[in-house]
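# Understanding the architecture of this molecule
Listed below, chain by chain, are the residues.
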Amino acid sequence: MTEDDFRQYVAAFNAADFDGFGRFYAGDVVFELGSRKRIEGCENILAFYREVRAHLDEHIELRGVLVGPRNVAMYCRTTFTTLVDWPDYEFGATVKGDVREVETIAWYELDESGERFTHIRGGRFKP
């Protein structure tokens, strides 16, 4: 994976292009948001994001990317804009018009081909 490949992944994610960003996931990928959430499998991750995107616009602004032979590290600011009220959102109730920003460092492990993510770990540190 090159930095340009990773930027294409983020662009597809920001555009809510599920096929576009989903092609970067191995079938058995594991996604962990710190200790708050763990999702196993490409289809389950995409289902999670379809639910999120039905309520929120999520936009990633890359601040830094490091690419190695089997890993990618990302530092980013993510802005969440609530499109419709979501009182039972697992990360805290939100109402239409709310805007939340967080900064995250994420670590992506790649399969043997170096093309697909097998494990994603994200940790928020602001706020």
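The text that follows walks through the structure, step by step, so that each part is easy to find. None of the values given here were measured: they were computed from a predicted structure. (Residues numbered from 1 in each chain as written. Predicted model: local features only at pLDDT ≥ 70, side-chain atom pairs only at ≥ 80, totals over all residues. Heavy atoms only, no water.)

## Looking at the nonpolar core
Core analysis: the biggest nonpolar cluster contains 37 residues, and Phe-6, Tyr-25 and Phe-117 have the highest contact counts within it. For this core, the elements supplying multiple residues, two or more each, are helix H1 (3–14), helix H2 (18–22), strand E1 (25–33), helix H3 (42–55), strand E3 (56–67), strand E4 (71–82), strand E5 (99–110) and strand E6 (117–126). Beyond its immediate chain neighbours, meaning those up to four positions away, Phe-117 contacts Met-1, Phe-6, Tyr-9, Phe-24, Tyr-25, Ala-26, Val-29, Tyr-108, Glu-109 and Leu-110. (Core = buried A, V, L, I, M, F, W, Y, C linked by side-chain atoms within 4.5 Å. Buried < 20%, exposed > 50% of the residue type's maximum accessible area, 1.4 Å probe, protein only. Helix = DSSP H or I, 4+ residues; strand = E, 2+ residues; numbered from the N terminus. Contact = heavy atoms within 4.5 Å.)

## What about unusual backbone geometry?
Even without glycine at this site, Ala-16 takes up a positive phi of about 55°. When you line up the elements, Ala-16 lands in the loop between H1 and H2. Residue classification places Ala-16 among the partly exposed positions, given a relative accessible area of 27%.

## Comments concerning the sheet that holds E4
Across the sheet, 6 strands lie side by side as E2-E1-E6-E5-E4-E3; this open sheet has mixed pairing. Only two strands of the sheet have a single neighbouring strand rather than two, namely strand E2 (37–40) and E3. Strand-to-strand twist across the sheet, computed as the mean angle between neighbouring axes with direction ignored, equals 20°. As paired elements, E3 and E4 share 11 bridges and run antiparallel to each other. In the strand pairing of E4, Leu-62 is matched with Cys-76. Contacts between H1 and the sheet are confined to E1, E3, E4, E5 and E6, with E3 contributing the most and set at about 170° to the helix. Those strands touched by H3 are E1, E2, E3 and E4, and its axis lies near 55° from that of E1. (Pairing = 2+ DSSP bridges. Axes fitted to C-alpha atoms, helices over the stretch in contact; angles between N-to-C directions.)

## Here's the deal with H1
With 12 residues, H1 extends 16 Å from end C-alpha to end C-alpha; this agrees with the ideal 16 Å at 1.5 Å per step. Among all positions in H1, only Phe-6, Tyr-9, Val-10, Ala-12, Phe-13 and Asn-14 are buried. (Expected span 1.5 Å × (residues − 1).)

## Some thoughts on the side chain of Asn-14
On the secondary structure map, Asn-14 appears in helix H1. For Asn-14, a relative accessible area of 18% gives the class buried. Setting aside residues no more than four positions away along its own chain, Asn-14 makes contact with Arg-53, Glu-58, His-59 and Ile-60.

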